[in-house]
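Chain and residue survey
Letter by letter, the chains look like this.
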Amino acid sequence: MTTTHTPPVFDQPLPVPTPLTQPFWDALAEHKIRIQYSPSLGEYIFYPRPLAPRTLADDLQWREISGAGTLYTYTITTRPVSPHFAAAGPMILAVVQWDEGPRFSTEMVNIAHEDLQIGMRVRPVFCDYPEAGITMLRYEAAN
Amino acid sequence: MGLRGEAAILGFYELPPQRKLAREKTFNLEQWARLSKAALDDAGLEATDVNGIVTPMIGEASMFVPSTITEYLGIEANFAEIVDLGGAGSAAAVWRAAAAVELGLCDAVLVTFPGAHDVPTHERRPFVMEDQMFFGASSNSYGSPQAEFEIPYANLGQNGPYAQIAKRYGHEFGYDELAMAKIAVDQRTNACATPGAVFHGKPITAQDVLASPMVADPLHMLEIVMPCQGGAAVVIGNKDMAAKSKNRPVWIKGFGERVPYKTPTYARDLMYSPMVHAADQAFTMAGITREDVDMVSIYDCYTITVLMSLEDAGFAEKGKGMQFVNEHDLTFRGDFPVNTAGGQLSFGQAGIAGGMHHVIDGARQVMGRAGEAQVADCNRAFVSGNGGIMSEQTALIFEGE
């Protein structure tokens, strides 16, 4: 019997919702975006929490937003950020700012690198992973 | 508010970094003991003078870390502290030790940061590659916001997020990649005057930096720290200890610290780092101005960290940092000496001990022990620490007697 040495295969890490964050993921499964809003702050917030950041006010509500936003910043990783993403090739690690205010870590897809521009309008791309029971939210150019 | 400047760095020890460990593998606890002894010897103090310790996390204890160390060293500490502020940890540990000395809790405090993570393994105790190694200190535990909202999008580790900061900086203020390269080049010049630096004897040009592989745009490989194996320690003592010490005391005159977030996605304004607050507090506490400082040692995991820290600490106008870099000679022989021992970019980043390189760079200069790289008449130093992704920042001001 021979021993072969193959590199270990790393699965892409996928989100595992918690009871508190479940409404966000349930909405994504419906291809909708629901995040929290604090009436006393007068602000939308992200990511989900039990109490509003800064004030710890107990008034958070789930509200649907369109998901439209602008590209706040990005980078193209020419080297894999970890073995889990080695097969993905260069990735566009992006931060999108929703029109409602909060920022969201995501990945830009369906776009040539040279077309990326900070401040460009972007729209949601819902990516379903049925085996994991999760939907990821990525972004593409709005036009 | 703050320190009275009655606690001083009296001795230090910094292992020359090695890209691959050529020394004997030792556990963090063994490193703790040996680094500490070397720093005490440097100060001319006895182990029995020590009654306080500050440490980062270590490999051999996941809790009860300080008492594990005091037991191992046989120190009965009046103050035993663990800091978990990443690259800001060393500077953060220094002011905590100084505070303990000024409160009268301690005569002498060891601040020791083991920096060789290549530790012994045994077939019955094999090395387990933990999530932390892969996920670059982003927590992948269930319930962690990073596990749920960052890691699945590959927003993890350091290269990507720092590149996002640099990209946004370019959008808001413009980007001069030659100025960014010059930061790395000037530090390399300093490393070439620092025996033991991992890049000693290997000068580079701006073209070398820009020709090195792009890792996460706009950051090239030579704008990113070289991970190394090493370790460092300092001894901080009161006036009585300073009188016993053989070195010129380096009084800790001021500090500041700010810790507002973990992931830059959630920074309220990504272009103004926590250093704005930390540096203002440090200078106010020390009662000196930016112009009074003879050298600065700025945490340099990336060139963008140096650039934004120079701006946010108030040495360069916001948005004009690249112009500042172009207009000043940042080498030890220049008009604005930065990271005179090479910084982590060119001296080497010994894991969690990386931040101690800046503490020791400042102390070494103020003690007048920097050899060829000595800044003439160096009496005051500014030191910064930076952890997470520009998310944990600490500033220190040193003054020679």
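Our subject in this report is the structure included herewith. What you are looking at is a predicted structure, and each value in this text was computed from that prediction instead of being measured.

**Concerning the pattern of salt bridges**
Using the criterion set out here, one finds 23 salt bridges over all chains in the structure. Note that B:Lys182 and B:Asp186 form a salt bridge whose closest N and O atoms lie 2.8 Å from each other. Pair noted here: B:Lys182 and B:Asp186 are both in helix 7 (residues 177–191), with a separation of 4 residues, about one helical turn. In the salt-bridge network here, residues are joined through shared partners; they are A:Glu30, A:Lys32 and A:Arg34.

**Let's talk about the side chain of B:His358**
Residues and elements named next belong to chain B. Its place among the elements puts histidine 358 in helix 14 (residues 354–367). By relative accessible area, which is 0% here, histidine 358 ends up buried. Those residues in contact with histidine 358 that lie beyond four places of it in its chain are Ser297, Ile298, Tyr299, Asp300, Asn339, Gly343, Gln344, Val383 and Ser384.

**So, a nonpolar patch on the surface**
Judged by side-chain polarity, B:Phe127, B:Met129 and B:Met133 come together as a nonpolar surface patch covering roughly 330 Å² of accessible area. Look at B:Met129 and you get partly exposed, because its relative accessible area is 43%.

**With respect to the interface of chain A and chain B**
With 42 residues of chain A at the interface, the matching set in chain B holds 32 residues. The junction of chain A with chain B conceals about 3,300 Å² of combined surface from both sides, 62% of it contributed by carbon and sulfur atoms. Here chain A is connected to chain B by 0 salt bridges. The interface formed by chain A and chain B holds 18 residue pairs in polar contact (both at pLDDT 80 or more) in total. The greatest single-element share of the side of chain A that touches chain B, amounting to 6 residues, is contributed by strand 4 (residues 69–77) of chain A.

Rules and cut-offs
- Residues numbered from 1 in each chain as written.
- Chains lettered and ligands numbered in written order.
- Predicted model: local features only at pLDDT ≥ 70, side-chain atom pairs only at ≥ 80, totals over all residues.
- Heavy atoms only, no water.
- Salt bridge = Lys/Arg side-chain N within 4 Å of Asp/Glu carboxyl O.
- Helix = DSSP H or I, 4+ residues; strand = E, 2+ residues; numbered from the N terminus.
- Buried < 20%, exposed > 50% of the residue type's maximum accessible area, 1.4 Å probe, protein only.
- Contact = heavy atoms within 4.5 Å.
- Patch = residues over 30% accessible without salt bridge, like charges linked within 9 Å, V, L, I, M, F, W, Y side chains within 5 Å.
- Areas by Shrake-Rupley, 256 points an atom, 1.4 Å probe, with all protein chains shown as cover.
- Buried area = accessible area lost by both parts, 1.4 Å probe.
- Polar contact = N/O pair within 3.5 Å; in protein donor to acceptor, adjacent residues only side chain to side chain.

Spatial relationships are all this shows, so hold off on functional conclusions.
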